[in-house]
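# Residue-level structure breakdown
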Amino acid sequence: MTNQSNNIVFKDYNINQIMLLPPSLEELIEPDHPVRVVNEVIERINLEPLLAAYKPGGTSVYHPRMLLKVLVYGYLSNIFSSRKIEQALRENIHFMWLSAMNRPDHNTIARFRSERLKGVLRLIFGQIVELLMEEGVLSIKDIYTDGTRIEANANRYTFVWAKSIRTNKERIARQLDELWQYTQKVAEEELAEEDEVDFRQIDSKKVEQVVEKIDKALKGRKVPKKVREKLYRAKKHWPGKMAEYEQKEKILDGRRSYSKTDPDATFMGMKEDHYGNAQLKPAYNWQVSTTDQYIVNYTIHQSPGDTLMFKPHMENFEDLYGRYPEAVTADGAYGNQENYEYLEQHGIDNYVKYNNFHKEQQKKFRQDPFPTVNLYYNKEQDKVYCPMGQAMDRIADGERWSRSGYKQVYARYQARNCYGCPLRGPCHKGKGNRIVSINHHLQRYRKKARENLLSEQGIMHRKKRPADVEATFGIIKHNKGFRRFMLRGLEKVEIEAGLLAISHNLAKRAAA
Ligand code: SF4
């Protein structure tokens, strides 16, 4: 016989049980929970820049420190929508503790995020990085820089292309030119006093004036139906269309495209979709510098390339911390003369690759005598020596301008006589004697970068770069699932990028 009872024993469960001492929320938060890190760090920062935006008087408002903590913790726990944060403030014990049971609604949260944090969040981010530095958690001496594209909160099919605007403007100018020439032929006296019109430099005002003159000159004349119809279209549509194109060009501001539903977003090639297709989507270019996977600098840009974003990104770093980093490691997308010069001017160690860096390390390439970079250059003589040992003379200098307005100078060297040379086939395909262009400044910068990258320190930085900055993108885009901004417009997207960066850093700090 066993003593086992046949009764099932349940633990006590009484939802209406009255407690002698009601539990405080504080007791219910685990000691090392990330919400405590958010609370502790944001409690320590100086909120003066944020408070400056508040005006005295009026009804009481929710404390910005509480709202900031709630937003940062929202981004940390992958709750990005203001409505979901509002819900969490009623249901989630961590949010309730953080807000001290305050319950701002989603409008208050959304307004605080998109209006109050404008222009000040990057300063708060800088303060947090400095706090982490003081704690010895990170250092901003050696940084790893890269960029990633994040989809904008815009409709994918509402694009405006600079190229089609240009084509439409040219079409109007061409048709107007034809009308003008026709009018000059049939109404010579009426237009005799008029100046020549340059139809390559024409704007909406000029279109209006020219159409008016043509209309006046042809008034009462019998003109072919085709011309009459064209003039009707010109009067009715062209000045308005030209004004519309000008307005769109203003929004484009040198970009190739923008989205109608978020004019600050540019269409960029995004990584492949599930079916293996590359896609053009409205997006922003998020430039980030990290150290040990902590984000120490971020900037948002409207152009897809990384090269031109480097200088403004570094200037933002200097603006935040009052100094430049000691060393920067970045991939080949950043390695151009302008950026190398910038690094040298600011005394920053350069571990930035250039586009042929890896190819140049291959034995096959190094042993190939024909590429321009492998030709011997004698500085004293200012001559290049071709694979046959023939001196190539400097025949001219050329200039190239980058999109940022930076000038690069190229020296052109020409072989004296390639006729009958047995190496002609592999050496060059052009007619006449071989000509090579060499940018001596760029070569010098590349040589320095190559020495740095191949040094022991350089190899360490190159190994660390993908595990640092690229892994950070991986955490944010894949682990957190943040692939599309919630807000529209450059300023608001910058705020979201800042919230992402702060929450990422605090999550890392909590896990350390
Ligand atoms: S083809 Fe001209 S440049 Fe090339 S190796 Fe011969 S001589 Fe030199």
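Residues numbered from 1 in each chain as written. Predicted model: local features only at pLDDT ≥ 70, side-chain atom pairs only at ≥ 80, totals over all residues.

## Details of the overall build of the protein
The number of helices and strands found in the protein is 20 helices and 13 strands. Dimensions of the protein, computed from C-alpha atoms along their principal axes, come out at roughly 115 × 80 × 60 Å. For the protein, buried positions account for 30% of its 512 residues. Sequence separation of 24 or more characterises 66% of the internal contacts of the protein that already satisfy a separation of 6 or more. (Helix = DSSP H or I, 4+ residues; strand = E, 2+ residues; numbered from the N terminus. Buried ≥ 20, exposed ≤ 12 C-beta atoms within 10 Å, placed from the backbone. Contact = placed C-beta atoms within 7 Å.)

## Description of the site of the ligand
Taken together, Cys386, Pro387, Met388, Gln390, Ala415, Cys418, Cys421, Leu423, Arg424, Cys427, His428 and Arg434 make up the full set of residues adjacent to the ligand. Its residues assigned to classes, the shell around the ligand shows 8 nonpolar, 2 polar and 2 charged. (Near = placed C-beta within 6 Å. Nonpolar A, V, L, I, M, F, W, Y, C, P; charged D, E, K, R; others polar.)

## Quick notes on the domain arrangement of the protein
Looking at the protein, the domain boundaries give domain 1 (25-117), domain 2 (161-257) and domain 3 (373-444). Look at where the C-alpha atoms of domain 2 and domain 3 centre, and you get two points 48 Å apart. (Domains from an automatic or database assignment.)

## A short note on unusual backbone geometry
Of note, Met101 is a non-glycine position whose phi angle comes to about 65°, a positive value. Here Met101 lies in the loop between α6 (93-98) and α7 (106-116). Even without being glycine, Gln293 reaches a positive phi, approximately 70°. Structurally, Gln293 can be placed in the loop between β5 (279-291) and β6 (294-301).

## Observations regarding the sheet that holds strand β13 (residues 435-438)
Either a parallel or an antiparallel arrangement is found when strands of a sheet pair, and the pairing is made through backbone hydrogen bonds. Taken in spatial order, the 5 strands line up as β9-β10-β11-β12-β13 in an open sheet, and their pairing is antiparallel. Each edge of the sheet is formed by a strand with only one pairing partner; in this case those strands are β9 (376-378) and β13. Along the sheet, successive strands turn relative to each other by an average axial angle of 35°, direction set aside. For strand β12 (residues 407-415) and β13, the ladder comprises 4 bridges, and the chain directions are antiparallel. Among the inter-strand pairings, Tyr413 is bridged to a residue of β13, identified as Val436. (Pairing = 2+ DSSP bridges. Axes fitted to C-alpha atoms, helices over the stretch in contact; angles between N-to-C directions.)

## Considerations on helix α5 (residues 82-91)
Helical geometry: 3.6 residues make up each α-helical turn, so side chains three or four residues apart lie on a common side. Among the residues of α5, those classed as buried are Ser82, Ile85, Glu86, Ala88 and Leu89. Burial along α5 is one-sided: seen end-on, the buried residues are contained in an arc of 160°. Every exposed residue of α5 that faces more than 90 degrees away from the buried side is listed here: Arg90 and Glu91. If you follow the buried residues of α5, they end up packed against α4 (64-76), α6 and α7. (Arc of directions from axis to C-beta.)

## What about the pairing of β12?
With 9 bridges joining them, strand β11 (residues 391-401) and β12 adopt antiparallel strand pairing. Among the inter-strand pairings, Ala396 is bridged to a residue of β12, identified as Arg412. Following β11, the chain reverses through 5 residues before pairing antiparallel with β12; Gly405 in that reversal takes a positive phi of roughly 90°.

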